[in-house]
Amino acid sequence: MKRIRVLIVDDSAVVRKLASDALSADPEIEVVGTAGDPYVARDKIKQLKPDVLTLDLEMPRMDGLTFLRILMEQHPLPVVIMSSLSQRGSDYALEALRLGACDVLGKPAGSYSFGDLGPQLIARVKAAAGARLGPRHAASIGADSSLASLARTPPRSTAPGTRQIILLGASTGGTEALRAVLTRLPAGLPPIAIVQHIPPVFSKAFADRLSEQCAFQVREAADGDRLEPGVALVAPGNFHLMLQWHGDHYRARVTGGPQVWHQRPAVDVLFKSAADCGAAPHAVAGVLTGMGKDGAEGLLRLRELGAITFAQDEASCVVYGMPRAAWENGGAERQISLGRIADFIVHPHHPAHDSPALASA
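For clarity, every value in this text was computed on a predicted model and none was experimentally measured.

Colleague: Got a minute to help me understand the overall build of the chain in this structure?
Modeller: Secondary structure summary: the chain contains 14 helices and 15 strands in total. Counting only residues that meet the buried cut, the chain has 55% of its 361 residues in that class. In the chain, the proportion of contacts linking residues at least 24 apart, taken out of those at least 6 apart, comes to 72%. Here the chain has roughly 14300 Å² of accessible surface; of this, 53% comes from carbon and sulfur atoms.

Colleague: Can you walk me through the nonpolar core in this structure?
Modeller: Soluble globular proteins tend to pack their nonpolar side chains together in the buried interior. One finds Leu168 and Leu182 to be the most contacted residues of the largest nonpolar core, which totals 61 residues. Counting residues per element, this core draws most heavily on helix H13 (residues 338–346), which supplies six residues. Among residues more than four places away in sequence, those in contact with leucine 182 are Leu168, Ile192, Ile194, Leu210, Cys214 and Phe216.

Colleague: Is there a simple way to think about the sheet that holds strand E2 (residues 29–35) in this case?
Modeller: Across the sheet, five strands lie side by side as E2-E1-E3-E4-E5; this open sheet has parallel pairing. Each edge of the sheet is formed by a strand with only one pairing partner; in this case those strands are E2 and strand E5 (103–107). The sheet shows a mean angle of 20 degrees between the axes of neighbouring strands, taken without regard to direction. Sheet topology places strand E3 (residues 52–56) next to strand E4 (residues 79–84); four bridges connect them, and they run parallel. Within the sheet, the bridge partner assigned to threonine 54 lies in E4 and is valine 80.

Colleague: Please explain the layout of surface pockets as it appears in this structure.
Modeller: Rolled over the atoms, a probe with the dimensions of a water molecule shows which regions are left empty. Estimated volume of the largest pocket: approximately 790 Å³. Forming the walls of the largest pocket are 33 residues, and the residues nearest its centre are Gln120, Ala123, Arg124, His262 and Gln263. When contributions to the lining of the largest pocket are tallied by element, the ones reaching two or more residues are E5 and helix H5 (117–129). Tallying contributions element by element places H5 first for the lining of the largest pocket, with seven residues.

Colleague: Teacher, can you tell me more about the packing of helix H4 (residues 87–99) against helix H9 (residues 202–213) here?
Modeller: How two helices sit against one another is set out by the angle between their axes and by the gap between those axes. Where H4 contacts H9, the two axes come as close as 9 Å, and the packing angle between them is 60 degrees. Relative to H9, H4 is oriented oblique. The way H4 lies across H9 gives a crossing that is right-handed. Residues Gln87, Gly89, Ser90, Asp91, Ala93, Leu94 and Glu95 of H4 touch H9, and the partners they reach there are Phe202, Ala205, Phe206 and Arg209.

Colleague: Is there a simple way to explain the environment of proline 191 in this structure?
Modeller: Tracing the backbone shows proline 191 in the loop between helix H8 (174–182) and strand E7 (192–196). In sequence terms proline 191 and isoleucine 165 are 26 residues apart; their C-alpha atoms lie 5.3 Å from each other.

Colleague: Where do I start with the packing of aromatic side chains in this structure?
Modeller: Each aromatic ring pair is specified by the distance between its two centres and by the angle formed by the two planes. Inspection of the entire model under this criterion finds two aromatic pairs. With 4.7 Å between their ring centres and 70 degrees between their planes, tryptophan 245 and tyrosine 250 make a pair best called edge-to-face. Owing to a relative accessible area of 1%, tyrosine 250 belongs among the buried residues under this scheme. The interplanar angle of 75 degrees and the centroid separation of 5.4 Å between the aromatic rings of phenylalanine 310 and phenylalanine 344 together place this pair among those described as edge-to-face. Of the two residues, phenylalanine 310 is situated in strand E14 (residues 308–312) and phenylalanine 344 in helix H13; the sequence distance between them amounts to 34 residues. A relative accessible area of 0% places phenylalanine 344 in the buried class.

Colleague: Which parts of the structure should I look at to understand the sheet that holds strand E8 (residues 217–220)?
Modeller: Two modes of strand pairing occur in sheets, parallel and antiparallel, and in both the strands are linked by backbone hydrogen bonds. Pairing is parallel across the open sheet formed by seven strands, whose spatial order is E8-E10-E7-E6-E13-E14-E15. Across the chains shown, the open sheet's two edge strands, defined by having one partner strand only, are E8 and strand E15 (334–336). The sheet shows a mean angle of 20 degrees between the axes of neighbouring strands, taken without regard to direction. Sitting on the sheet, H8 is in contact with strand E6 (165–170), E7 and E14, with an inclination near 160 degrees to E7. Docked against the sheet, helix H11 (residues 296–304) engages E6, strand E13 (283–287) and E14, running at close to 155 degrees with respect to E13.

Colleague: Can you walk me through the pairing of E13 in this structure?
Modeller: Along a regular strand, successive side chains alternate from one face of the sheet to the other. The buried count for E13 comes to five of five residues, which makes it a mostly enclosed element. Both faces of E13 are covered, namely the face carrying Ala283, Ala285 and Val287 and the face carrying Val284 and Gly286. Sheet analysis places E6 next to E13, joined by five bridges and oriented parallel. Residue pairing in the sheet places isoleucine 166 in a bridge with valine 284 of E13. Handedness of the crossover joining E13 and E14 through H11: right-handed.

Colleague: Looking at this structure, I do not really get H5. What am I missing?
Modeller: Because each turn of an α-helix spans 3.6 residues, side chains separated by three or four positions end up pointing in the same direction. With 13 residues, H5 extends 18 Å from end C-alpha to end C-alpha; this agrees with the ideal 18 Å at 1.5 Å per step. Regarding H5, the residues found buried are Leu117, Gly118, Leu121, Ile122, Arg124, Val125, Ala127 and Ala128. Those residues of H5 that are buried lie in contact with strand E1 (4–9), helix H1 (13–24), E2, E3, E4 and E5.

Colleague: Explanation requested: the packing of H8 against H13 in the structure shown.
Modeller: Where H8 contacts H13, the two axes come as close as 8 Å, and the packing angle between them is 45 degrees. Taken together, the axis directions place H8 and H13 in an arrangement best described as oblique. In this structure, H8 crosses over H13, and the sense of that crossing is right-handed. Between H8, through Ala177, Ala180 and Val181, and H13, the contact on the second element is made entirely by Leu338, Ile341, Ala342 and Ile345. Tallied by class, the residues present in the contact of H8 with H13 amount to seven nonpolar, no polar and no charged.

What counts and how
- Residues numbered from 1 in each chain as written.
- Predicted model: local features only at pLDDT ≥ 70, side-chain atom pairs only at ≥ 80, totals over all residues.
- Heavy atoms only, no water.
- Helix = DSSP H or I, 4+ residues; strand = E, 2+ residues; numbered from the N terminus.
- Buried < 20%, exposed > 50% of the residue type's maximum accessible area, 1.4 Å probe, protein only.
- Contact = heavy atoms within 4.5 Å.
- Areas by Shrake-Rupley, 256 points an atom, 1.4 Å probe, with all protein chains shown as cover.
- Core = buried A, V, L, I, M, F, W, Y, C linked by side-chain atoms within 4.5 Å.
- Pairing = 2+ DSSP bridges.
- Axes fitted to C-alpha atoms, helices over the stretch in contact; angles between N-to-C directions.
- 1 Å grid on protein atoms, 1.4 Å probe; cavity = no way out; pocket = protein on both sides within 12 Å on 5 of 7 lines; lining within 4 Å.
- Points joined across faces, edges and corners; volume = space filled by probe spheres on them.
- Parallel < 35°, antiparallel > 145°, perpendicular 65-115°, else oblique.
- Left-handed = near helix turned anticlockwise from the far one by under 90°.
- Phe/Tyr/Trp six-rings, centres within 6.5 Å; stacked < 30°, edge-to-face > 60°.
- Right-handed = clockwise from strand over helix to strand, strands pointing away.
- Expected span 1.5 Å × (residues − 1).
- Nonpolar A, V, L, I, M, F, W, Y, C, P; charged D, E, K, R; others polar.

On their own, these measurements won't tell you what the molecule is for.
Structure representation (structure tokens):
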């Protein structure tokens, strides 16, 4: 088996050593080199031809965002961002994802406290190695899913006591996929609960940025939050998000507990809790781009209990892992391109979405 060739770019010699040792522990990965700044990295990319780059964003001589922008224009490569767990680090990381980076991993404040980041870095590098590069979201969103078209038909009723809920899960490539979907949804929809595999701190920055861009409020979930129409809650990094029904509304449970599918938050935890509290017959639920199988089991349970379910199609995914698993196990009723997901959420019974082209494997 051809090993994944990785180049590590970080101005800290300690981080370069720790990341190199962590990745080299996996027999499927080969660290072909390291670089202390983008200028050295540029030369080593030409010389070593890596499959994946890990990239720090705060570096001397040229910052990581500038380097990433140039890289994606001139020599596109799958990139995993390693960024500090701070507000500034989170803002930089989200901008890097917008520019085309595949994933982000939070670095602890102390370079020596790498903790359990090794397995996480390995997983992100493997996901990035299979990622689809190039123009992703703009090209996949056609005129047929414009916000104007979504607003023509009023959304479903969201009267008090209504159990309607929208459930979304995503991983690699998901921050931009979710942005593409959520920014095209109108105000006044039922509550939305979201699990995106994302580190702590970054999840709040992600929710805050979405809230600035969407027609409704988006915020990081807190334990006990009431889910209300016109509000989307994002699971906080390193915590599971669950739903409970309280008389006439859903409440969020934000809990610790073991990882599921090596993830916390996990999509399956959200989906299964929604099924357990009776939400399935009133839910529209879907799995977006990402590596692995998280969400497939929960989506199947929701579908079996009456939910309308979907998975993002292969052509518009950055990584067609989670959606493939949800399609192959029968959890997803249909596969839908990224550009049509918002329209489907608003009008899930629209005849166009039942065409053979959308329901085909």
